[in-house]
Amino acid sequence: MQESKNIIKYYFAQEHFKLIKGDTFRVLKKFEDKTVDTIFADPPYFLSNDGITCSRWENGNRNKGKWNESASLKYKHKFNKKWIRECYRILKYNGTIWTSGTLHNIYSIGMALE
Ligand SMILES: C[S@@+](CC[C@H](N)C(=O)[O-])C[C@H]1O[C@@H](n2cnc3c(N)ncnc32)[C@H](O)[C@@H]1O
């Protein structure tokens, strides 16, 4: 990984490992084009809607925070295209991107990757 010179305060740093805490849309912009080997993303699932979920065999609250609230397909797709566009800009040509998702966002992510 080769970040630009204007980066960044590290949240944690060791010789071969650095952790940056921040807004994805700001942090990714600091990386030079085609410099990253691998990206793993776990973006918002947009699934919180006052419903319930099964957690450790009990009903649990599905509301995780503002970032995870249900949203329109248009909003989700705009969001997903925005971060994926930045990922493609910084990934090397032979780089790899992995992402997790749920049915609430994974099809939009798939389309955005296409
Ligand atoms: C599905 S969760 C990932 C949780 C993570 N894998 C973990 O174990 O803590 C999505 C995360 O994206 C974060 N998030 C949402 N918008 C973001 C943004 N613009 N920049 C950075 N993180 C963001 C949320 O705060 C949330 O923690």
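Relevant structure appears above.
Residues numbered from 1 in each chain as written. Predicted model: local features only at pLDDT ≥ 70, side-chain atom pairs only at ≥ 80, totals over all residues.

### Section: the site of the ligand
Link 1 in the chain: Close to the ligand lie Asp23, Thr24, Phe25, Asp42, Pro43, Pro44, Tyr45 and Trp67.
Link 2 in the chain: In terms of residue class, the shell around the ligand is made up of 5 nonpolar, 1 polar and 2 charged. (Near = placed C-beta within 6 Å. Nonpolar A, V, L, I, M, F, W, Y, C, P; charged D, E, K, R; others polar.)

### A word on unusual backbone geometry
Link 1 in the chain: Phi is positive for Lys34, close to 50 degrees, though the residue is something other than glycine.
Link 2 in the chain: Inspection of the secondary structure puts Lys34 in the loop between α1 (24-27) and β3 (36-41).
Link 3 in the chain: With phi around 55 degrees, Phe46 is a residue other than glycine that occupies positive phi space.
Link 4 in the chain: Along the chain, the position of Phe46 falls in the loop between β3 and β4 (52-55). (Helix = DSSP H or I, 4+ residues; strand = E, 2+ residues; numbered from the N terminus.)

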